[in-house]
Amino acid sequence: MCGMDVEPDNGSSSEEEKDDEVWGAGERVKMLPPPMAHSGGSAWGSRRGRCGCVSCGVALILWNLCVVLVSALLLVTVFSVVLLPAVLLLYVGFLCHSRVLDASSAICRYLDDNSCSALIILGFVMMSPLVVVAAAIFCLLLRRFHLLLLIQPIARAWYRGWFPGWAGSIHAWV
């Protein structure tokens, strides 16, 4: 029955009672407290008013945009640093080749068309593995800084307080 302790007398032996005590099954049934819906608020807290909901929603949208902006800046920074050697090879190769730009810079005096073609080919060949390395470094930094866990759902704008499930440890795959 709900909220009542029931002690049935089924004539069990003392050996079964000892097993019950060892494994944690006692005589009493522990009852859960009433659900939050029957108390003052809901399971996530009380609802906000319309103005509070809109203002909190706008704040959450701005927060999520800032997190996405930081992630995009991290992406651009990592790819720029990792791909810099390939980009420099391509730049010098296209800068000094006679059929492309044929510039009169100081480095072009030492390079002929064959060496410029070799720089262009080497730059494109180096590009593929460096893109993979840059993507791996970016994913490592995303996981290390937990940036994707900072994105908040808009549903948080409806209720006051925090969701009870967010306080524990969070495991996510990136």
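Scope of this entry: the structure provided in the associated data block. Along each chain, residue indices are assigned from 1 in the same order as the chain's sequence is written. At least 70 in pLDDT is required for a residue's local features to be given in this predicted model, at least 80 for side-chain atom pairs to be given and counted, and no such filter applies to totals for whole chains, interfaces and linings, which use all residues. No hydrogens and no water enter the side-chain calculation; it runs on all heavy atoms of the structure.

Here we take up the packing of aromatic side chains. The rule is short: rings of Phe, Tyr and Trp, with Trp giving its six-membered ring, pair when the centres are within 6.5 Å, and they are stacked under 30 degrees, edge-to-face over 60, tilted in between. Under the counting rule described, the total for this entry stands at 1 aromatic pair. Residues Phe94 and Phe124 carry aromatic rings whose centres are separated by 6.5 Å and whose planes lie at 75° to one another, so their mutual orientation is edge-to-face. Placement of the pair is Phe94 in helix α2 (residues 50-96) and Phe124 in helix α3 (residues 113-145), with a sequence separation of 30 residues. Using a relative accessible area of 33% as the deciding quantity, one classes Phe94 as partly exposed. Secondary structure elements follow DSSP: runs of H or I no shorter than four residues count as helices, runs of E no shorter than two count as strands, and numbering proceeds from the N terminus. Think of it in three bands: residues with accessible area under 20% of the maximum for their type are buried, residues over 50% are exposed, and the middle band is partly exposed, with areas taken using a 1.4 Å probe on protein chains only.

Attention now moves to unusual backbone geometry. Backbone geometry places His146, a non-glycine residue, at a positive phi of 55°. Relative to the elements of secondary structure, His146 occurs in the segment after α3. We classify His146 as partly exposed; its relative accessible area is 46%.

Viewed as axis vectors pointing N to C, α2 and α3 meet at an angle of 175°, and their least axial separation amounts to 7 Å. It follows that α2 is roughly antiparallel to α3 by the angle criterion. Orientation is described by axes fitted as lines to C-alpha atoms, over the contacting stretch for helices, and by angles from 0 to 180 degrees between their N-to-C directions. In this scheme, roughly parallel covers angles under 35 degrees and roughly antiparallel covers those over 145, while 65 to 115 is roughly perpendicular and the rest are oblique.

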